Amino acid sequence: MKIAVVGTGYVGLVTGAGFSDFGHDVTCVDIDQARVERLRRGEIPFFEPGLHDLVQRNTNLSRLKFTTSTAAAVEGAQIVFIAVGTPSAADGSADLSYVIEAAKQIGAALTQFTVIVTKSTVPVGTADKVMAAVATTAKHPFAVASNPEFLKEGDAVNDFMKPARVIVGAEDPAAIELLRTLYQGVLRTNDRIHVMNIRSAELTKYAANCMLAVRISFMNELSHLCEVVGADIESIRKGIGSDPRIGNKFLFAGAGFGGSCFPKDLRALIHTARELDVPLGVVDAAERANERQKRVLAHKISQHFNGALQGKRIALWGLAFKPETDDIRESPALVLAEQLRSAGATVVGYDPEAMSNVRAQCGDLIELAQEPYAAANGADAIVLVTEWHALRAPDFARLKSVMRQCVAFDGRNVWLPNVAREHGFSYYGIGRR
Ligand code: NAD
């Protein structure tokens, strides 16, 4: 099948490379010329495990191509995926300008009947807007469908190759048939494809992200109660996670969630609900709880130093919004760095993959160290914000030998408190005894 993918970010590039690996002829298009040039040279513009090999293999076989021309990509394509960004607008709604612009460009490029599929996360009802935008420029018939993406950064290739489910929102029979055929190679069993109306598909994506965010915020709030009553959130996590009705995923208390999806998707769903005057109090509360949670580490640090952070040197381990990605969009580590800096501290950070993004986007907010123990050098406290594997079992003796004061804040509850304390560290976790 000939496919075009518009947008070569985390979703578009994984989608394009993934379908090409199943033998399809895929052209990915991006308006960012520098990005396309890098892709043509075989460079992946962001860190995503396994993606380099996938792209290289399929580029070498000429099944995967890159262009800046929507017309060239869309010409002759049976399916065109829209995978451009939908960032938060100032009022919390999803900014659809990239999606609508892409839709107009696709419309103008159509050469035959084509199914235009929104993979970007878009508010319920967006398909109507996409249809209207395509219609302003199209000279050929088309159908619009929704196929929201559920991949996780850091494990995106696996998620794409072995999806737990595929959601297809479509009402046009030809679109449903084409998408079923396309996913046949990816899904060896038919029961993992869920065909529904377009609005349900659009909303399913928000429902999934909001449900996961609610679980995290629930545990974060509970962690505060734990600290007050002398309970341990980690014991509670295991206690409830072993209940099959609850399950053990997304129950980790921590420094708040960030990233390019959860925060913006919560805001967008809350905005949609408010506009339609339908209360979504649970989602609203999860979002507010997360805003508070992103201040918890700064509060603990300030309390430890009796509010005197002026001149203190604080080391942050982990700057990406989660491990295995270089994505720093809405990263809790950057929120913490801002808070510490405005209280007069110097912040020195280390991250295995995200430092060039931090350097490019955060100016002098954070001093960067080339390796974790260099970040801790001369520090008054060390804070784990993102639980990369390599940062989960620190050598506390080594930390002690380089730090000015032995204070450890474990924003992800992965360090062993006893080990830290045996080495003379004051240890603070989240909702931990
Ligand atoms: P991204 O910001 O990494 O990439 C978007 C790309 O689209 C950029 O390279 C940009 O230059 C390009 N673009 C914008 N307008 C264009 C146009 N008219 N023509 C061609 N290219 C254009 O975005 P992302 O993280 O891949 O997210 C894309 C969408 O997928 C968003 O709606 C997001 O919410 C959703 N999503 C993201 C993830 C994730 O983990 N990142 C997971 C599931 C869903």
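Residues numbered from 1 in each chain as written. Predicted model: local features only at pLDDT ≥ 70, side-chain atom pairs only at ≥ 80, totals over all residues. Heavy atoms only, no water.

*Asks:* When you look at the site of the ligand in this model, what are you seeing that I'm missing?
*Replies:* Around the ligand, the structure places 28 residues, and the nearest of them are Val-11, Asp-30, Thr-86, Glu-153 and Lys-264. Separating an oxygen atom of the ligand from a side-chain N or O atom of Asp-30 is a distance of 2.6 Å. Against a free-state accessible area of 830 Å², the protein chains account for coverage of 90% of the ligand. Only α1 (10–21) and α5 (97–109) provide two or more residues apiece to the shell around the ligand. No other element matches the three residues that α5 contributes to the shell around the ligand. Grouping the amino acids of the shell around the ligand by side-chain chemistry returns 11 nonpolar, nine polar and eight charged. Residues from two domains meet in the shell around the ligand; each of domain 1 (2–196) and domain 2 (205–293) gives at least three. (Near = heavy atom within 4 Å. Polar contact = N/O pair within 3.5 Å; in protein donor to acceptor, adjacent residues only side chain to side chain. Areas by Shrake-Rupley, 256 points an atom, 1.4 Å probe, with all protein chains shown as cover. Helix = DSSP H or I, 4+ residues; strand = E, 2+ residues; numbered from the N terminus. Nonpolar A, V, L, I, M, F, W, Y, C, P; charged D, E, K, R; others polar. Domains from an automatic or database assignment.)

*Asks:* I would appreciate a short explanation of the pairing of strand β6 (residues 142–146) in the present structure.
*Replies:* Note on strand geometry: in a regular strand, side chains alternate between the two faces of the sheet. Buried residues dominate β6, accounting for four of its five residues. Where strand β5 (residues 114–118) meets β6, five bridges bridge the pair, whose relative direction is parallel. Its bridge partner lying in β6, Thr-114 is registered against Phe-142. The parallel pair β5 and β6, bridged by helix α6 (residues 126–137), forms a crossover whose chirality is right-handed. (Buried < 20%, exposed > 50% of the residue type's maximum accessible area, 1.4 Å probe, protein only. Pairing = 2+ DSSP bridges. Right-handed = clockwise from strand over helix to strand, strands pointing away.)

*Asks:* Which parts of the structure should I look at to understand the pairing of strand β4 (residues 79–82)?
*Replies:* The alternating pattern of β4 places Ile-79 and Phe-81 and Val-80 and Ile-82 on opposite faces, both of which are buried. Of the pairings in the sheet, the one linking strand β1 (residues 2–6) to β4 comprises four bridges and is parallel in character. Bridged to Val-5 within β4 is Phe-81. In this structure, β4 lies alongside β5, joined through four bridges in parallel fashion. Across the sheet, residue Phe-81 finds its bridge partner in β5, namely Val-117.

*Asks:* Looking at this structure, I do not really get the packing of aromatic side chains. What am I missing?
*Replies:* All chains considered together, the criterion is met by 12 aromatic pairs. Ring centres of Phe-19 and Tyr-183 lie 5.3 Å apart, and the angle between their planes is 65°; this geometry places the pair in the edge-to-face category. Residue Phe-19 is located in helix α1, and its partner Tyr-183 is located in helix α8 (residues 173–184); the two are separated by 164 residues in the primary sequence. Members of the aromatic cluster, each reached through a chain of ring pairs, are Trp-317, Tyr-373, Phe-396, Trp-415 and Phe-425. Lying over the aromatic face of Phe-150, Arg-165 brings its terminal NZ or CZ to 3.9 Å of the ring centre. Above the face of the Tyr-373 ring, Arg-398 is positioned so that its terminal group lies 4.1 Å from the ring centre. (Phe/Tyr/Trp six-rings, centres within 6.5 Å; stacked < 30°, edge-to-face > 60°. Lys NZ or Arg CZ within 6 Å of the ring centre and 35° of its normal.)

*Asks:* I tried to follow helix α3 (residues 51–60) on my own but got confused; where do I start?
*Replies:* Owing to its 3.6 residues per turn, the α-helix aligns residues three or four sequence positions apart on the same side. Three or more residues of α3 are buried, namely Leu-51, Leu-54, Val-55 and Asn-58. Take α3 and look down its axis: the buried residues cluster within an arc of 95°, on one side only. Against the buried residues of α3 lie α1, β3 (64–67) and α7 (156–161). Where α3 terminates, the next one or two residues include Ser-62, which has phi positive at roughly 60°. (Arc of directions from axis to C-beta. Contact = heavy atoms within 4.5 Å.)

*Asks:* Sorry if this is basic, but what is going on with unusual backbone geometry here?
*Replies:* With the exception of glycine, most residues fall at negative phi, and the peptide bonds are largely trans. We note that Asn-306 has phi near 50°; this positive angle belongs to a residue other than glycine. With respect to the secondary-structure elements, Asn-306 resides in the loop between α13 (296–304) and β9 (313–317). The phi angle at Asn-413 is positive, at roughly 55°, despite the residue not being glycine.

*Asks:* Explain the nonpolar core to me, please; I cannot follow it from the model alone.
*Replies:* For soluble globular proteins, nonpolar side chains are generally found buried alongside one another. Counting residues in each nonpolar core, the largest one holds 58 residues, and the members touching the most others are Leu-316, Trp-317 and Ile-382. Looking at which element gives the most residues to this core, the answer is helix α14 (residues 332–342), with five residues. Residue contributions to this core reach at least three from each of two domains, namely domain 2 (205–293) and domain 3 (296–428). Setting aside its immediate chain neighbours within four residues, Ile-382 contacts Ala-315, Trp-317, Ala-376, Leu-399, Met-403, Val-407, Ala-408, Phe-409, Trp-415 and Phe-425. Core analysis: the next-biggest nonpolar cluster, separate from the first, contains 42 residues, Val-5, Val-55, Leu-179 and Tyr-183 among them. (Core = buried A, V, L, I, M, F, W, Y, C linked by side-chain atoms within 4.5 Å.)

*Asks:* How do you make sense of the state of the cysteines when you look at a structure like this?
*Replies:* Linking two cysteines covalently via their sulfur atoms produces the bond known as a disulfide. Overall, the coordinates contain zero disulfides when judged by the stated rule. Not engaged in a disulfide, the cysteine Cys-28 finds its nearest cysteine sulfur in Cys-261; these two sulfurs lie 18 Å apart. With relative accessibility at 1%, the residue Cys-28 sits in the buried group. Unpaired in terms of disulfides, Cys-362 finds its nearest cysteine sulfur in Cys-261, a separation of 19 Å. (Disulfide = S-S within 2.5 Å.)

*Asks:* Please explain the domain arrangement of the protein as it appears in this structure.
*Replies:* Interface size, as often reported, equals the accessible area lost upon joining of the parts. Each assigned domain of the protein is listed with its residue range as follows: domain 1 (2–196), domain 2 (205–293) and domain 3 (296–428). Computed over C-alpha atoms, the centres of domain 1 and domain 2 are 29 Å apart. Between domain 1 and domain 2, the residue contacts involve 15 residues of the former and 10 residues of the latter. Summing both sides of the interface, domain 1 and domain 2 together bury roughly 1,000 Å²; the carbon and sulfur share of this comes to 59%. Taken together, domain 1 and domain 2 are joined by zero salt bridges. For the pair domain 1 and domain 2, the interface holds six residue pairs in polar contact (both at pLDDT 80 or more). Residues of the side of domain 1 that touches domain 2, tallied by class, amount to seven nonpolar, five polar and three charged. (Buried area = accessible area lost by both parts, 1.4 Å probe. Salt bridge = Lys/Arg side-chain N within 4 Å of Asp/Glu carboxyl O.)

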